[in-house]
Amino acid sequence: MKTIFSQSVQGRTACLPPMPEERAERFLPKELMRAKRPALPEVSELDVVRHFTKLSTLNYGVDTNFYPLGSCTMKYNPKFTEYVAALPGFTSPHPALPQLPKGTQYTQGCLEAMYEAEKMLCELTGMDAFTSQPMAGANGELTGALIIAAYHKDKGNKKTKIICPDAAHGTNPASAVLAGYEVVNIESKDGIVDPEALEAALDEDVAGVMMTCPNTLGLFESHLPQIVKKLRKVDALLYYDGANFNAIMGKMRIGDVGFDVVHLNVHKTLATPHGGGGPGAGPVGVCARLEPYLPNHRPAKAADGSFYLDTDNPKSIGHISPFYGSFSVMLKAFAYMLRLGGEGLTQATERAVLNANYMRKRLENHMHIPYNRICMHEFVASACNQQSECGVRALDIAKALLEKGHHAPTIYFPLIVKECMMFEPTETESKETLDIFLDDLIEILESAKTDPQSLLEAPRNTPVRRLDETKAAREMVLTDDV
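About the cut-offs
- Just so you know, the residues in each chain are numbered from 1, in the order the chain's sequence is written.
- Residue-level local features of this predicted model are given only where pLDDT is at least 70; pairs of side-chain atoms are given and counted only at 80 or more, and the full residue set underlies all totals for whole chains, interfaces and linings.
- Side-chain measures here rest on the full set of heavy atoms in the structure, leaving out hydrogens and waters.
- Only protein atoms enter the 1 Å grid used here, on which a cavity is any set of points holding a 1.4 Å probe that cannot leave and a pocket is any open set flanked by protein within 12 Å on both sides along at least five of seven lines; residues with an atom within 4 Å of a point are listed as lining.
- Grid points are joined across faces, edges and corners, and a volume is the space filled by probe spheres set on the points.
- Under the scheme applied, nonpolar residues are Ala, Val, Leu, Ile, Met, Phe, Trp, Tyr, Cys and Pro; charged residues are Asp, Glu, Lys and Arg; polar residues are all the others, including Gly.
- Whether two strands pair depends on DSSP finding at least two bridges between them.
- Under the scheme used here, helices are H or I runs from DSSP no shorter than 4 residues and strands are E runs no shorter than 2 residues, and both carry numbers assigned from the N terminus.
- Two residues qualify as a contact provided that any one of their heavy atoms is within 4.5 Å of a heavy atom in the partner residue.
- Interaxial angles span 0 to 180 degrees and are taken between N-to-C directions of axes, which are lines fitted to C-alpha atoms, for helices over the stretch in contact.

(A) Quick peek at the layout of surface pockets. Taken as a whole, the largest pocket encloses approximately 770 Å³ of empty space. Looking at the largest pocket, it is lined by 23 residues, and the ones nearest its centre are Met19, Arg34, Arg37, Pro38 and Leu40. Considered class by class, the residues forming the lining of the largest pocket number 13 nonpolar, two polar and eight charged.

(B) Geometry of the sheet that holds strand E12 (residues 379-382). Pairing is antiparallel across the open sheet formed by three strands, whose spatial order is E12-E14-E13. Edge positions in the sheet fall to E12 and strand E13 (410-411), since each has one partner strand and no second. Sheet topology places E13 next to strand E14 (residues 420-423); two bridges connect them, and they run antiparallel. Within E14, the position partnered with Thr410 by the bridge is Met422. In this fold helix H10 (residues 327-363) packs onto E12 and E14, with an angle of close to 20 degrees to the strand it touches most, E12.

(C) The arrangement of the sheet that holds strand E1 (residues 129-131) in detail. Across the sheet, which stays open at both edges, the seven strands sit in the order E1-E9-E8-E7-E6-E2-E3 with mixed pairing between neighbours. Each edge of the sheet is formed by a strand with only one pairing partner; in this case those strands are E1 and strand E3 (182-186). If you compare each strand with its neighbour and ignore which way they point, the axes differ by 20 degrees on average. Alignment of strand E2 (residues 161-165) against E3, held across five bridges, turns out to be parallel.

As structure tokens, then:
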């Protein structure tokens, strides 16, 4: 598609607003002024409207299409939460308004919403305290790792390592390294953490273990009691990566089974928007012994029922983000929890697991499923048979799905499964939607046997076909005059 600049015709213009009476030269330093006017496209209003309307039709979004992306949890975002977050009482207050107990008359509603949201997250997870300050899942991971480090430093423990299982979420090692730890990877056995491998890696230098439960294979970690018992012997903490909490929400409280710290990806679990670079939110919960280390400025409730920000936390790791993190995102998560309630949140979990297992059963006679047993909210299949027998890889199947108008599932992750294809339907998709996708996928898998070349040439009907993705990332071309 042509850029708006390529449609420029000298002298053509749209209806423009009048120039401001006060010129920028009067209040901007000379060194900040442009030497010449910006080279904007000269187009009509109709040119602009048509260009951006056509551009919008190329977008693939959850409001118009199904995303089967495993691990990403691209669930539909209900519109009522957008309404709640846009209420004037939430959008009008400035974050710099006084927050001390005697100066909160303009922020009581906002503080109460933050306070109640964190209390609900405590109830949902079994944790004793929460902070909504982290602004993304990865930011929450780092917050949790820093809290683990603060706990051990305060106790005088000279811990240097964090264990990350190979089926944990992919960003765990990076978060551990940023917190100053050496990462020790352990291999899984039959798709889950091997207690013997964990015990072999466990010593007095281990600060904690970062686990995803269920893990990125969509399998529940059934050895949790053994794992918790082993960690307690060396005063190591158990971290819960909340990427897959939507698979157990309402069914299991992670604090009750021994996890010490958790971050939640609210876009995965509580239906807030996902993608586009933000805003996001990654609230972090902790058990009672870690509460002193939470980020500063936590909403609190005074004896008279008013709300304020508590800053009296000398052991806090400090601020993770300015002000209160992504306040509007947390409002959407709060509204979602209030609207669904405990029963609704539990049903969301049940339907996510049901949808994933329905897809798994329909595919099991067409693709190799390495761990073909009851999964949680997602499962992993492999195109290894298609590759060895037909020369068709997971990438080719993904491209063929694009040709049929579907978004492809996650491919080549997790790394421990060859020719991996990872499916996650979420609870919001109907059986009819899943069947349309599965029928087309099964047809593609049959074509791999009868006409593999057609898959190697897909997609043929998209705006661009196959790209050299490495070159595209390193040598971006942002104009169409090449």
